[in-house]
Amino acid sequence: MASTSLVLRERGGAETTRRRALGRRLQRPGAWFSLPAAVLLVVFFAYPLATSLWQSLHATAGGVTTWVGLEQYARLFEDPLVGKSLANAGMILVVQVPLMIGLAVGLAYLLNQAWLRFRGGFRLLVFLPAVTTLVAYAVVFRVMLATDGGAINQLIGLVGIAPVDWLNNEWWARVALIAAITWRWTGYNMVIILAGLQSIPAELYEAARIDGAGRWQTFTRVVLPQLRPVLIFTTVTSTIGALQLFDENWILTEGGPNDATLTPVLYLYKVGFRQFDFGYASAIAWLLVGITAVIAFVQFRLMREKP
Amino acid sequence: MTVAPIRPAVRETIASSRAVAPASRVRRAVLRSPVYLALAVAAVVSVLPFAWMVIASTHTTADLFATPLPVLPGGELWANLARLEESVQFGRVMLNSALIAVIYTVFSSIVSVMCGYGLATYRFRGRGVLLGIVLVTMMIPMQVLLVPLFQMMASAGWIDTYQAVILPFLANAFGIFLMRQAFLDFPVSLVEAARIDGADELRTFYRIVLPVARPQVAALIIYTFISQWNAFIWPLLMLNTESNYTVPVALNTMIGLSRVDYSGLMLGSLLATLPLMLLFLVFQRQFVTGLLGGAVKG
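Keep in mind that this is a model prediction, so the values were computed, not measured. (Residues numbered from 1 in each chain as written. Chains lettered and ligands numbered in written order. Predicted model: local features only at pLDDT ≥ 70, side-chain atom pairs only at ≥ 80, totals over all residues. Heavy atoms only, no water.)

Draft legend 1. Spatial organisation of the overall build of chain B. Assigned secondary structure in chain B consists of 16 helices and zero strands. Here chain B holds 298 residues, and the buried ones make up 49% of them. A separation threshold of at least 6 residues defines the contact pool for chain B, and within that pool the share at least 24 residues apart is 72%. By element, 68% of the accessible surface of chain B is carried by carbon and sulfur atoms, the whole surface being about 13,700 Å². (Helix = DSSP H or I, 4+ residues; strand = E, 2+ residues; numbered from the N terminus. Buried < 20%, exposed > 50% of the residue type's maximum accessible area, 1.4 Å probe, protein only. Contact = heavy atoms within 4.5 Å. Areas by Shrake-Rupley, 256 points an atom, 1.4 Å probe, with all protein chains shown as cover.)

Draft legend 2. Main features of the packing of aromatic side chains. A full pass over the atoms with the stated rule returns 29 aromatic pairs over all chains. Aromatic pair A:Tyr269 and A:Phe273: ring centres 5.9 Å apart, planes at 40°, arrangement tilted. Of the two residues, A:Tyr269 and A:Phe273 both sit in helix H12 (residues 264–273), four residues apart, roughly one turn of that helix. Here the aromatic rings of A:Phe273 and B:Phe150 are separated by 5.1 Å at their centres, their planes lie at 70°, and the arrangement is edge-to-face. In this pair, A:Phe273 sits in helix H12 while B:Phe150 sits in helix H7 (residues 146–155), so the two residues belong to two different chains. The exposure class assigned to B:Phe150 is buried, which follows from its relative accessible area of 18%. These aromatic residues form a ring-pair network of at least three members: A:Phe246, A:Trp250, A:Tyr269, A:Phe273, A:Phe276, A:Phe278, B:Phe150 and B:Phe232. One residue, A:Arg174, lies across the ring of A:Trp171, its end atom 4.5 Å from the ring centre. (Phe/Tyr/Trp six-rings, centres within 6.5 Å; stacked < 30°, edge-to-face > 60°. Lys NZ or Arg CZ within 6 Å of the ring centre and 35° of its normal.)

Draft legend 3. Structural detail: the layout of surface pockets. Estimates place the volume of the second largest pocket at around 1,100 Å³. Looking at the second largest pocket, it is lined by 40 residues, and the ones nearest its centre are A:Ile152, A:Leu155, B:Val45, B:Leu48 and B:Pro49. If you list the elements that add at least two residues to the lining of the second largest pocket, you get helix H4 (80–111), helix H6 (134–144), helix H7 (151–158) and helix H8 (170–198) of chain A together with helix H2 (22–56) of chain B. At eleven residues, the largest contribution of residues to the lining of the second largest pocket is made by H2(B). Broken down by class, the residue content of the lining of the second largest pocket amounts to 33 nonpolar, seven polar and no charged. (1 Å grid on protein atoms, 1.4 Å probe; cavity = no way out; pocket = protein on both sides within 12 Å on 5 of 7 lines; lining within 4 Å. Points joined across faces, edges and corners; volume = space filled by probe spheres on them. Nonpolar A, V, L, I, M, F, W, Y, C, P; charged D, E, K, R; others polar.)

Draft legend 4. Spotlight on the nonpolar core. Within the largest apolar cluster, 179 residues are counted, with the highest numbers of intra-cluster contacts made by B:Trp52, B:Phe183, B:Met238 and B:Leu251. The element best represented in this core is H8(A), accounting for 13 residues. Both of domain 1 (8–44) and domain 2 (84–296) of chain B provide at least three residues apiece to this core. Each residue touching B:Leu251, except ones within four places of it in the same chain, is listed here: A:Val135, A:Ala136, A:Val139, B:Phe90, B:Leu265, B:Gly268, B:Ser269 and B:Ala272. (Core = buried A, V, L, I, M, F, W, Y, C linked by side-chain atoms within 4.5 Å. Domains from an automatic or database assignment.)

Draft legend 5. Seen up close, the domain arrangement of chain B. The domains assigned to chain B are domain 1 (8–44) and domain 2 (84–296). Here domain 1 of chain B and domain 2 of chain B have C-alpha centroids that lie 44 Å from each other.

Draft legend 6. Layout of the UniProt feature "transmembrane region" (unreviewed entry) in chain B. Residue and element names in this part refer to chain B. Here, UniProt's "transmembrane region" (unreviewed entry) annotation points to residues 35–55, 93–117, 129–150, 162–179, 217–237 and 262–283. From the first C-alpha to the last, residues 35–55 spans 30 Å; its make-up is 100% helix and 0% strand. Note that residues 217–237 is 90% helix and 0% strand, and that its end C-alpha atoms are spaced 30 Å apart. (UniProt positions renumbered as here; feature names shortened; annotations may be inferred.)

Draft legend 7. Here's a closer look at the UniProt feature "transmembrane region" (unreviewed entry) in chain A. Residue and element names in this part refer to chain A. Here, the residues flagged by UniProt with the feature "transmembrane region" (unreviewed entry) are residues 30–50, 89–112, 124–145, 175–197 and 278–298. Within the segment residues 30–50, helix and strand shares are 100% and 0% respectively, and the terminal C-alpha atoms sit 27 Å apart. Secondary structure content for residues 175–197 is 100% helix and 0% strand, while the C-alpha to C-alpha distance between its ends is 30 Å.

Draft legend 8. Examining the pattern of salt bridges more closely. In this structure the tally under the stated criterion is two salt bridges over all chains. Across the salt bridge formed by A:Asp277 and A:Arg75, the nearest N and O atoms sit 3.1 Å from each other. On the criterion of sequence distance, the pair formed by A:Asp277 in the loop between H12 and helix H13 (278–304) and A:Arg75 in helix H3 (residues 71–78) is long-range, its members being 202 residues apart. Classification of A:Asp277 as partly exposed rests on a relative accessible area of 21%. According to the relative accessible area criterion, A:Arg75 is partly exposed, its value standing at 35%. Salt-bridge contacts for B:Arg83 lead to B:Asp261; the nearest nitrogen and oxygen are separated by 2.7 Å. Here the residue B:Arg83 occupies a position in helix H4 (residues 77–88), and B:Asp261 occupies one in the loop between helix H14 (247–256) and helix H15 (262–282), the gap between them amounting to 178 residues. Accessibility expressed as a relative area gives 32% for B:Arg83, which makes it partly exposed. (Salt bridge = Lys/Arg side-chain N within 4 Å of Asp/Glu carboxyl O.)

Draft legend 9. The arrangement of H8(A) in detail. Residue and element names in this part refer to chain A. Helix length check: H8, at 29 residues, gives a terminal C-alpha distance of 41 Å against a target of 42 Å (1.5 Å per residue), a fit within 8%. Of all the bends found along H8, the most pronounced is centred on Trp185 and spans about 40°. Burial runs high along H8: 21 of the 29 residues are buried. With a side-chain oxygen lying 2.8 Å from the backbone nitrogen of Trp171, the N-terminal cap of H8 falls on Asn169. (Expected span 1.5 Å × (residues − 1). Bend = angle between axes of the 7 residues up to and from the residue. Polar contact = N/O pair within 3.5 Å; in protein donor to acceptor, adjacent residues only side chain to side chain.)

Below, the structure is given as structure tokens:
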């Protein structure tokens, strides 16, 4: 069984040789096919990327740009808001991602039961949040989470819980953000995991049953190990998503209260486009690149290791 | 792989539905009810915000915060729509979003499909470098590019134009990668055969290769459309007159107004979501394939 995720895999053997032979004959047209993308990538990716690196080594004051070496990067370590935004992203990683992946695995497992009725209907409904426009769902949550008379506070009021100041209290704002992201993305991850579940060969369940494994044992010893590549994929994409979080916390809280929901990208946006400190904004951007590179490296390692 | 055997769970169901005594059927129903309960809770939680969005968009703002909350649609839909149109030119904004998303989807898909095919089928000088750039692009957060791209657009005098929104992200690395994977599966002997028969490269591609990859191309188109329809931070930076806004940018502006029109916001959110919902209902299969995007390959 092949599970590729985003890991590149060239096919080997005869096919490759044939492709290479064909390729030699058809060099030029192949280049033409790729040319538009190549030009766009150089102009709108490689060039600005290099610019950003250059900018991160400079500072602009009073219209004069001067070389400051690694000074902008040194600022990162002294800036409490960098630490805070990373800590907020870290909290989402530690709390929201496991919560969501756990829920997604549980729901996918239940939906994969053959005896279940209305499977298609359940799957459709749980997947529905993934179909909303990002900003629109954040708007809806913002309205529902209003402190005075908001739908959520009225709902919890029905069971006698006092209104919560969701978006103006540091901790509740984080809870609200986590709830919103979980609502939006659980169904999406569930569908990916369900696809993974369905690619587990039936013989494995059979074998587990013959060996006398119970339901729980089958789940932990057969299902979870088989899901490993899919779980790594969903975890890594969710992790990168958490690092790049912007839309939701911008609409819900603009990073507040008291920077409790500030994330690195939101901070980058504020530094770059509110304070117009492009050099420092670029340094923050490259910090993100570094962290993403580490995550990607870990993903490759995890994918390569066999359990 | 050989013929798939019946899944154990299915077999169990078949066996038990035939020969099981009523008592154990009751027992089974009791055992299974928590599963239904859990799924029902998940389904309700998933749907509730949608339901509230629909109901809320037909009431006045005051109703949205009244006790008890309205549970049935009210009669304010047209009034809300009129106010939405008046405050942020919502019709124009929807049109902008649609136009930008369609143009982006057409050109970005063409670029991705062509590049993916080129990378999968031919060997040419620079191919390795190009593939490398594509992979790096996928891993580098697009936020790194915000500042320099902003400056590029500013010096080109393109701030507040549609091309500034569309052009920089036209070469979509993920799309290119997806298409490359799709075309790698295509038997290269068919390309050779067409060539021997005298078809030129474009014709071969258009007539022989492309039709086979139709499902993946459909998934790419849908994925591309969704990503542009949802795009927020870049259009937010680029567009600064109201009549040029896209839907997410317009919704963002409404939140910033001194007196927030909440029922208008709910209606705006509903209208922003409707195109994706319709797309989803019509193209469910492709939609899911597009979202999965190479996550699982059996």
